[in-house]
Amino acid sequence: MNQTRVSKTIAVIEGDDAAPEVIQPTVELIDRMDLGITWTYPLVGEAAKAETGKSFPDVSRALIDQADTTLFGSTSGSSGSSLLYLRWGKKTFANVRPCLHLPGCSSPLANPEGIDFVIVRENLEDLYVGVEGQLADLAPLNLVGRTIRKPIHELGVGRFAIKAITREGSERVIRFAFELARTRDGQKRVTSTQKHNMLPVTDGYFLEIAREIATEYPDIEYETFIVDDFACRMIVQPQHFDVIVMPNLYGDILSDGAAGLVGSLGLAASGCYGEDYAYFEPAHGTAPDIAGKGIINPTATLLSACMMLKYLDFEDAATHLQEAIASVYAEGKRLTPDQGGTASTLDFCAATAERLNI
Ligand code: ATP
């Protein structure tokens, strides 16, 4: 590969269940691209607990801090604190989830050609701030619901969750979306989506900020849809969209829906970007039902690795890897079972490596 040699370090967390089955061959494949990458392996979860007594010891945290980025395999259970650190500790506020049709993949749509949009999901706030409780605890505040027209604690026994939308959190992710639209070929359009009719104070604020920031980018077309309307449009007319920015919960749900548009969760890449750190992970979970079978689709992890290589300024390598993956789909002979094929995870990776001549 003809790349400038700048030494980079990538921390690898292999994850649980079937996740290591896609992380390991991805690391192997990138290593064979000979980019001079150093790999480190912070211990997390049960393995770390057995060795150090803690599921996320300081030494693992230091390895993440010292690395240029982290490649993260999905985790379950006790590995979760490393993910909390990568997200809230490193303030990776923009979760970028591309939805790209690769000709040859098994989309359920009659006409998936040309689908190429990116969901930018706010990653740190909204309902994910983690404040929940008993409705009865709200009695001293005497909060009257705009729609129910009585104090919330009078609804009866129940629970609540807090949705927090901040100016800073919204500004940075919306600005990120506009900057991303500038770098992409094609439509140069940002869509914001939120439920501002029912939630005028919180989602209305997100929309207000999006409209403000849009005025700073006269070269980018801006539009907005209420999130339920957007969900329908994303399915009926996915080719219309370019970059879509939204609060956390909607992004979590709709990006999995978007993965379904192009064929499978096994194709959905993701990167989480902050001011000075980013980490990359497939959008899918640990796929426990197929763990150990060697058939998990590695495409989501490989495409996440493309995003990671781009972030590390290995632009050419990222392009070559993405083209190699696309070419395996175009040929269609060595696809995994979720894509209607009979290839194993390692077969798919071998086919990709062959196209890279490595
Ligand atoms: P988690 O709790 O870790 O999110 P989950 O089972 O709820 O796990 P996923 O791991 O995303 O959620 O899996 C959902 C379904 O999609 C499962 O049937 C799984 O096997 C399938 N799946 C997920 N990722 C892939 C993949 N890369 N290749 C093939 N199938 C996949």
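Here the structure is a predicted model, which is why all the values come from computation and not from measurement. In every chain, residue numbers begin from 1 and rise along the written sequence. Reporting of local features is limited, given that this is a predicted model, to residues whose pLDDT is at least 70; pairs of side-chain atoms are given and counted only at 80 or more, and all residues count toward the totals for whole chains, interfaces and linings. Heavy atoms from the whole structure form the basis of all side-chain values; hydrogens and water molecules are not counted.

(A) Structural detail: the pairing of strand 9 (residues 221-226). Taken together, the 6 bridges between strand 8 (residues 189-194) and strand 9 define a ladder with parallel strand orientation. Note on strand 9: the bridge partner recorded for Gln194 is Ile226. A crossover connection joins strand 8 to the parallel strand 9 through helix 6 (residues 203-214); in handedness this β-α-β unit is right-handed. At least two DSSP bridges between two strands are needed for those strands to be called paired. Secondary structure elements follow DSSP: runs of H or I of four or more residues count as helices, runs of E of two or more count as strands, with numbering from the N terminus. Clockwise travel from the first strand over the helix to the second, with the strands pointing away from the viewer, marks a crossover as right-handed.

(B) Representation of the site of the ligand. In the vicinity of the ligand, the contacting residues are Leu265, Gly266, His284, Gly285, Thr286, Ala287, Pro288, Asp289, Ile290, Ile296, Asn297 and Asp338. As used in this structure description, the phrase polar contact means that two N or O atoms lie within 3.5 Å; if the pair is within protein, one of them must be able to donate a hydrogen and the other to accept it, and residues adjacent in sequence are counted only when both atoms belong to side chains. With respect to the ligand, the side chain of Asp289 contributes an N or O atom lying 2.7 Å from an oxygen atom. Separating a nitrogen atom of the ligand from a backbone N or O atom of Asn297 is a distance of 2.9 Å. Per-residue accessibility takes into account occlusion by the displayed protein chains alone, with areas from the Shrake-Rupley method and a 1.4 Å probe. Here the ligand, which alone exposes 610 Å², has 62% of that area covered by the protein. Side-chain classes are defined by residue name, with Ala, Val, Leu, Ile, Met, Phe, Trp, Tyr, Cys and Pro counting as nonpolar, Asp, Glu, Lys and Arg as charged, and the others, Gly among them, as polar. For the shell around the ligand, the class distribution of residues is 5 nonpolar, 5 polar and 2 charged. One heavy atom within 4 Å of a molecule or strand makes the whole residue count as near it.

(C) Geometry of the packing of aromatic side chains. For this analysis, a ring pair means two rings from Phe, Tyr or Trp (six-membered ring only for Trp) whose centres lie within 6.5 Å, classed as stacked if their planes differ by under 30 degrees, edge-to-face if by over 60, and tilted for the remaining angles. Tallied over the full model, the rule gives 13 aromatic pairs. Ring centres of Phe56 and Tyr85 lie 5.6 Å apart, and the angle between their planes is 50°; on these two criteria the pair is classed as tilted. Taken together, the residues Phe56 in the loop between helix 2 (45-52) and helix 3 (58-66) and Tyr85 in helix 4 (residues 80-89) connect sequence positions 29 residues apart. Owing to a relative accessible area of 14%, Phe56 belongs among the buried residues under this scheme. Residue Tyr85 is classed as buried on the basis of its relative accessible area of 12%. On the basis of an interplanar angle of 75° and a centroid distance of 6.5 Å, the ring pair of Phe117 and Phe241 is categorised as edge-to-face. Buried means the residue's accessible area, taken with a 1.4 Å probe over protein chains only, is under 20% of the maximum for its type, while exposed means over 50%, and partly exposed covers the values in between.

(D) Summary view of the nonpolar core. In these notes, a set of buried Ala, Val, Leu, Ile, Met, Phe, Trp, Tyr and Cys residues joined through side-chain atoms within 4.5 Å is what counts as a nonpolar core. Within the largest apolar cluster, 78 residues are counted, with the highest numbers of intra-cluster contacts made by Phe117, Ile174, Leu309, Leu321 and Ile325. If you look at the next biggest cluster of nonpolar residues, it comprises 12 residues, including Phe56, Ala67, Leu86 and Cys272.

(E) Seen up close, the sheet that holds strand 2 (residues 37-40). Strand order in the open sheet formed by 10 strands is 2-1-3-12-11-4-5-10-8-9, and the pairing between neighbours is mixed. Either end of the sheet is taken by a strand with one partner, and the two such strands are strand 2 and strand 9. Geometrically, the sheet is characterised by an average inter-axis angle of 25° between neighbouring strands, direction not taken into account. Bridge count between strand 5 (residues 116-122) and strand 10 (residues 243-246): 4 bridges; the pairing is parallel. Paired with Val118 across the strands is Val243, a residue of strand 10. Throughout, a contact is declared for two residues whenever any of their heavy atoms are within 4.5 Å. Axis definition: a line fit to C-alpha positions, over the contact stretch in the case of helices; interaxial angles, taken between N-to-C directions, run 0 to 180 degrees. Contacting strand 4 (94-100), strand 5, strand 8, strand 9, strand 10 and strand 11 (271-273), helix 5 (residues 167-183) crosses the sheet at an angle of about 165° to strand 5. Helix-sheet contacts for helix 7 (residues 227-236) involve strand 5, strand 8, strand 9 and strand 10, and the interaxial angle to strand 9 is about 110°.

(F) View of unusual backbone geometry. Backbone geometry places Lys91, a non-glycine residue, at a positive phi of 50°. Positionally, Lys91 belongs in the loop between helix 4 and strand 4. The phi angle at Arg149 is positive, at roughly 55°, despite the residue not being glycine. Note on placement: Arg149 falls in the loop between strand 6 (132-134) and strand 7 (159-161).

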